[in-house]
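What the coordinates show
In case you want the letters, here they are:
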Amino acid sequence: MIMGGRQPVRALEDFRKRGGGDSGWRGLIVLDRDHHPEPEATAASPEDLAGEPGLELFVWGLRHIESYLLVPSAIRRLAAGFEGVERLDSLIAAELGVDGQGHAKRFLGTGGSLSEALGTDLRAGEIARAMRADELHADVRVLLTRIGALSGVTLPQPEVVIRRS
């Protein structure tokens, strides 16, 4: 459920309204880091939610969730054939800056510098679908693992079989 507004207390209240952990519910609150200097700096701290059985908090390490889409190879694959694609490498490098993060919302958003250069908008979902598994940021892998664990889905582990003769 998308709550918006970086208000984990609203998610906590909704979780409780539905019966919470005592009813067998499990939940994961996912927040953008936004302008907060540390991933843990939230409107409701992890300590505020720690006593809530079945509810976890995940804060993206990068400023915006869109930052995880600033993957030059995926953008290049998706932008192939559009006008301005020849300027794409320099545009991406300029936007990513020295820290490699840039301001993803401004770059990828409607009317942003990427859409201006290409003459069309590339939607966030399109970029995500163009990404290969090996291009996923470590934070994304951690979140997907948590979602899988909370949903009861686990990745198959290597199986070791010892045979005795």
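For clarity, every value in this text was computed on a predicted model and none was experimentally measured.

Core analysis: the biggest nonpolar cluster contains 19 residues, and Ile75, Leu88, Phe107, Leu108, Leu114 and Leu122 have the highest contact counts within it. In this structure, Ile29, Leu31, Leu55 and Val59 belong to the second largest nonpolar core, which totals seven residues.

The subject of this paragraph is the environment of Tyr68. Mapped onto the fold, Tyr68 is located in the loop between β2 (55-59) and α3 (72-79). Non-local contacts of Tyr68, meaning those with residues more than four positions away in its chain, are made with Trp60, Gly61, Leu62, Met131, His137, Asp139 and Val140. Within the structure, Tyr68 has its side chain in polar contact with the backbone nitrogen of Leu62 (distance 3.0 Å).

By the definition in use, this model includes two aromatic pairs. Summarising the aromatic geometry, the rings of Phe58 and Trp60 are spaced 5.2 Å apart at their centres and angled 90° between planes, so their arrangement reads as edge-to-face. Judged by relative accessible area, which is 12%, Phe58 ranks as buried. Given a relative accessible area of 5%, Trp60 falls into the buried group.

It is worth spelling out the environment of Val142 at this point. As for its placement among the helices and strands, Val142 is situated in helix α8 (residues 138-151). Residues Val142 and Phe58 lie 84 residues apart in sequence; the distance between their C-alpha atoms is 9.5 Å.

Bringing the pattern of salt bridges into the picture now. Inspection of the entire model under this criterion finds seven salt bridges. The partner of Arg16 in a salt bridge is Glu52, and the shortest N-O contact between them spans 2.8 Å. Residue Arg16 is found in helix α1 (residues 8-17), and its partner Glu52 is found in the loop between α2 (46-50) and β2; the two are separated by 36 residues along the sequence. Given a relative accessible area of 12%, Glu52 falls into the buried group. For the salt bridge of Glu135 with Arg132, the shortest nitrogen-to-oxygen distance reads 3.7 Å. Each of Arg77, Arg132, Asp134 and Glu135 takes part in one network of salt bridges that share partners.

Glancing now at the side chain of Glu135. In this fold, Glu135 is placed in the loop between α7 (124-130) and α8. Engagement of the side chain of Glu135 in a polar contact is seen with the side chain of Ser73, the distance being 2.4 Å. Separated by 2.7 Å, the side chain of Glu135 and the backbone nitrogen of Arg132 make a polar contact. Each residue touching Glu135, except ones within four places of it in the same chain, is listed here: Val71, Ser73, Ala74, Arg77, Ala130 and Arg141.

Calculation rules
- Residues numbered from 1 in each chain as written.
- Predicted model: local features only at pLDDT ≥ 70, side-chain atom pairs only at ≥ 80, totals over all residues.
- Heavy atoms only, no water.
- Core = buried A, V, L, I, M, F, W, Y, C linked by side-chain atoms within 4.5 Å.
- Buried < 20%, exposed > 50% of the residue type's maximum accessible area, 1.4 Å probe, protein only.
- Helix = DSSP H or I, 4+ residues; strand = E, 2+ residues; numbered from the N terminus.
- Contact = heavy atoms within 4.5 Å.
- Polar contact = N/O pair within 3.5 Å; in protein donor to acceptor, adjacent residues only side chain to side chain.
- Phe/Tyr/Trp six-rings, centres within 6.5 Å; stacked < 30°, edge-to-face > 60°.
- Salt bridge = Lys/Arg side-chain N within 4 Å of Asp/Glu carboxyl O.

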